[in-house]
Structure formats: structure tokens, C-alpha cells
Amino acid sequence: MKQIHKRILKEIGLKARESDLKAWAVGGFARDTLIGKNTEDIDICVEGDTSPLIKFCAEKYGADVVRFNDFATARVNLSCGLKLDFVRCRAEVYDKPGALPKVRPAGLKEDLFRRDFTANALALSIMPDEFFKEYDFFNSEEAVLKGYIKVLHDKSFLDDPTRLFRAVRFAARFNWSIETSTERLMREAVEKGYVNFISRQRAAHEFIKILAESRPYQALKCAAEYKLVDFVFTGLKLNPKINNLKTIEEKLAYLSLLQGERGFEFLDSLLLPKKDTALALETLKWRKSKAAPSKPLSKNALRIIRLYKPDIEGFKLKPLLLSAADLNELGYEGPALGAKLKALAKAQYAGKIKTRRAAFLYVKKTGF
Ligand code: ATP
Ligand code: MG
């Protein structure tokens, strides 16, 4: 961890003591610190009111603060790159499976017990007299160092079925195993259809979080083995080449192509806003049309198509060699022009026309 980040955490810890509070860095940060991985996203759990610490960060570091209605929670963005999520220690009660829980203030131990997996339930104190002391109530250190995913209690997947997706995501990210009893609970949760307790939107969101991983193939494969993917899209086709791609948009476009005839259906199933699907739609529409595109394909689309089909002939990717204006000069208008352009686009895609000259000849030869 960067020295400046450590210094800031120490200063927040001092402020906590001054305000008669206790504070810990928890969850992903504590886990990643234990395995020597740097993260600038830190969840800070506070026993008591979070506001003195949030105010302190805003005043001392000029941090940008985004408050959430939810239970004294705020995201504090510092100019040095640190992103601090302040949360009041809480216990959660789930009235209904998959519904959002009711919360009440609690101590650290209860807060850690509400978490998804033991590996994510570790806390590092940021108090001055015990800075970075581990608070490990549930064998978290062992889970992180040996590398396994284990739920904190048997009802975990019933309380929050999104944890099923989180389990395969973390297992794949760290190349960890899923502990035997947790594996059994997962299979049972899938069999009993717990994922149906969450909205399609939330299931799709978890799927996208899997795509955001740097090795989504392993996570998706695991999710498919547990039949979790079926809740988003049945019979998803996969290919390890997806791991060569960086952005979610690229991965979506590649996966959409991979689904063949069901590409559009797959994309729809994810309920995404339009802007996130532009690249996928560009590639899908190109494939569906089986014709030279009227506008050049974007660089990204070309890259995705070539990854999907390395032996694709260059001429299938080229934009139309003649424009509407060209045909207009030859005397074409209205529907006749449209029909001619369409025929030209098909012929070009089929490899029958490779140059502008050949395109003009084709138009003349085929007549009105
Ligand atoms: P990442 O590196 O992906 O950010 P993370 O462990 O920080 O991993 P987040 O989704 O950022 O994961 O959540 C922060 C912490 O909040 C987790 O470590 C976990 O303790 C807790 N948490 C998040 N989602 C859940 C959930 N659905 N159920 C229980 N605990 C959760
Ligand atoms: Mg996180």
C-alpha cells in the first residue's frame, strides 16, 4: 500500500479516537492486503456515527463526498486516488429471501457476520494504538491464505442469492476452491431456484460484474457448471478467447457473436442501457445483414469480428464501394436506387465485387 494512503488511514484513525469511535478497514481491502495485492477502494466500518470521519475527510483532504440514504453510508473520493466507503457497523435481518435486508446498528463482529464469505469478513483496525491489527472472528485469514470460498452460515444464499454469482466470481478471480459444504449449499440453492427471488435486473448485473473480471471465462464456466448462467441466459456459449478482451463492451460484443442466431436474444436478456450495447449491436447487425456495411465498421468491431472468426475474408468487412451519390449520378433514384445498393452490398459481401471499377461494371451489367 502506498505510504500516503497509509498516512491518511492513520489520520482517520486518530480522528476516530478523538471522536470516541472505533474504525476498521474491512472486506476486499483487508483480504487483498493479506495477499499483498494493492487496492485503493477501501470499505471503512465504524462502530458509531460515521459523520465526524466523513466531515474530517472533506475538510482535511478536500475530498468529494457522495452520501447515500442508506444507513450513514458515504463514498469519499480523495484526489490521491483513494476511494473510501464509510459504513456504520450493522446487522442485517432478511424478512424475505432476496429482498433488501432491514438493518440496525451493531458491533464489528455482527457486521462481519452479515458478509458474503469468510474471506471477505476480515477487518484491519485503523485505530492509532493497534493500526492494522487483524480482527478475525471467522477464520478469514485461513480462507484467504489457503484460498477458499466459504459462507458464514447455512442460510446465506437464501438471504441473498446474488452471493451465488459472487462465489464463482471470487473463486475464479483468485483461483480459489469452493469449500465442500458451501458447494453443497450452492447446488441446493440453484436446485430450489433461489435466484428467482432476485430480480432479473440484479441477476443480469451480477453477470456483468463477472464480465468485468480480467478472466471472465473461468468465472462464467464455473457459473455455467453450477447452472447459474441459466437464470440469465440458458445455454450460453463460451470461449476462452473472451479473456483477451479488456472492456465490458468488447466482451459483450464477442459473447453476442458467439451465441450465433441467439445473439440479439442474449443481448436483450441483460437488460442493459443502449449505450452499453452499441458495439455488440454493430457487430450483430453486420453479421445478420450478410452485406457490405454502408458505413465503415468501427476499429473495435473489426477487432471483435476477427477474434471471433480469425479466417474471415477481408472483403466481408469492407464498407460499400459505391455510395448513393454514385448511383444517383448513374441515373438511379428512389426505390430503384435503394434496391440497387442492397444488391451491390450483397454481391460485395459475397466476394463478387472487389473494386470500385468492378462495382460500376456490376451496376451497368445488371441494369435497371
Ligand atoms: P472487489 O475487489 O470486487 O471490490 P470486494 O470484496 O471489495 O471485492 P465489494 O462488492 O466491493 O467486494 O463489497 C465489499 C464488501 O462488502 C465485501 O468484501 C463483502 O464483505 C461485503 N459484501 C458485498 N456484497 C455482499 C453481499 N451480497 N452479501 C454480503 N456481503 C457483501
Ligand atoms: Mg470493493
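None of these values were measured; they are calculated from a predicted model. (Residues numbered from 1 in each chain as written. Chains lettered and ligands numbered in written order. Predicted model: local features only at pLDDT ≥ 70, side-chain atom pairs only at ≥ 80, totals over all residues. Heavy atoms only, no water.)

Draft legend 1. Spotlight on the overall build of the chain. Along its length, the chain carries 17 helices and 11 strands. For the chain, whose C-alpha radius of gyration is 27 Å, the value lies well above the compact-globule estimate of 21 Å for 368 residues. Taking the principal axes of its C-alpha atoms as reference, the chain extends roughly 90 × 50 × 35 Å. Considering the chain as a whole, with its 368 residues, one finds that 49% of them fall into the buried category. Residue pairs in contact within the chain that sit at least 24 positions apart in sequence constitute 64% of those at least 6 positions apart. Accessible surface computed for the chain: about 18,400 Å², of which carbon and sulfur atoms make up 52%. In the chain, 66 side chains carry a positive charge and 47 a negative one; their mean positions are 9 Å apart. (Helix = DSSP H or I, 4+ residues; strand = E, 2+ residues; numbered from the N terminus. Rg over C-alpha atoms; globule rule 2.2 N^0.38 Å. Buried < 20%, exposed > 50% of the residue type's maximum accessible area, 1.4 Å probe, protein only. Contact = heavy atoms within 4.5 Å. Areas by Shrake-Rupley, 256 points an atom, 1.4 Å probe, with all protein chains shown as cover. Lys, Arg positive; Asp, Glu negative; His and termini not counted. Charge placed at Lys NZ, Arg CZ, Asp CG, Glu CD.)

Draft legend 2. Just the site of ligand 1, in detail. Around ligand 1 sit 15 residues, and of these R31, R115, D160, R163 and R173 come closest. Here an oxygen atom of ligand 1 and a backbone polar atom of N120 are 3.0 Å apart. One nitrogen or oxygen atom from the side chain of R173 is found 2.6 Å from an oxygen atom belonging to ligand 1. Within the complex, the protein chains bury 73% of what would otherwise be the 580 Å² of accessible surface of ligand 1. At the level of elements, α2 (28-34) and α7 (162-174) are the ones that each hand at least two residues to the shell around ligand 1. Here the element with the most residues in the shell around ligand 1 is α7; it accounts for 6 residues. (Near = heavy atom within 4 Å. Polar contact = N/O pair within 3.5 Å; in protein donor to acceptor, adjacent residues only side chain to side chain.)

Draft legend 3. Molecular detail of the packing of helix α1 (residues 3-18) against helix α3 (residues 51-61). Remark: α1 packs on α3, axes separated minimally by 10 Å, with the N-to-C direction vectors making an angle of 130°. The angle between α1 and α3 falls in the class oblique. Between α1 and α3 lies a crossing whose hand is right-handed. Listed contacts from α3 to I8, E11, I12, K15 and A16 of α1 are P52, L53, F56, C57, K60 and Y61. Its residues assigned to classes, the contact of α1 with α3 comprises 8 nonpolar, no polar and 3 charged. (Axes fitted to C-alpha atoms, helices over the stretch in contact; angles between N-to-C directions. Parallel < 35°, antiparallel > 145°, perpendicular 65-115°, else oblique. Left-handed = near helix turned anticlockwise from the far one by under 90°. Nonpolar A, V, L, I, M, F, W, Y, C, P; charged D, E, K, R; others polar.)

Draft legend 4. The packing of helix α11 (residues 248-258) against helix α13 (residues 278-289), seen in detail. At a minimum axis separation of 8 Å, α11 and α13 run at an interaxial angle of 25°. The angle between the axes of α11 and α13 places the two elements in the roughly parallel class. Pair α11 / α13 crosses with right-handed handedness. Here α11 contributes E249, E250, L252, A253, S256 and L257 to the contact with α13, which in turn contributes L279, A280, T283, L284 and R287. By residue class, the composition of the contact of α11 with α13 is 6 nonpolar, 2 polar and 3 charged.

Draft legend 5. Main features of the pattern of salt bridges. Inspection of the entire model under this criterion finds 28 salt bridges. Close ionic contact of K37 with D32 constitutes a salt bridge, the shortest N to O distance being 3.8 Å. The class of K37 is partly exposed, set by a relative accessible area of 39%. In this structure, E188 engages K192 in a salt bridge whose closest nitrogen and oxygen atoms are separated by 3.5 Å. Overall, the relative accessible area of 29% leaves E188 in the partly exposed class. Look at K192 and you get exposed, because its relative accessible area is 54%. What you see here is one network of salt bridges that share partners, running through R90, E92, D111, R114 and R115. (Salt bridge = Lys/Arg side-chain N within 4 Å of Asp/Glu carboxyl O.)

Draft legend 6. Spatial organisation of the packing of aromatic side chains. With the rule as written, the count across this model stands at 13 aromatic pairs. Geometrically, the ring pair formed by F117 and F170 is edge-to-face, given 6.4 Å between the ring centres and 75° between the ring planes. With F117 in the loop between α4 (108-113) and β8 (123-125) and F170 in helix α7, the pair connects residues that are 53 residues apart, well separated along the chain. Relative to F137, the ring of Y135 lies with its centre 6.4 Å away and its plane at 55°, an arrangement referred to as tilted. (Phe/Tyr/Trp six-rings, centres within 6.5 Å; stacked < 30°, edge-to-face > 60°.)

Draft legend 7. Quick look at the nonpolar core. Ranked by size, the top nonpolar core spans 67 residues in total, and within it F157, F207 and L228 carry the most contacts. Apart from residues lying up to four places away in sequence, F207 is in contact with L220, V232, L236, L255, F266 and L270. Among the nonpolar cores identified, the runner-up in size contains 29 residues, and L9, A25, I42 and F131 belong to it. (Core = buried A, V, L, I, M, F, W, Y, C linked by side-chain atoms within 4.5 Å.)

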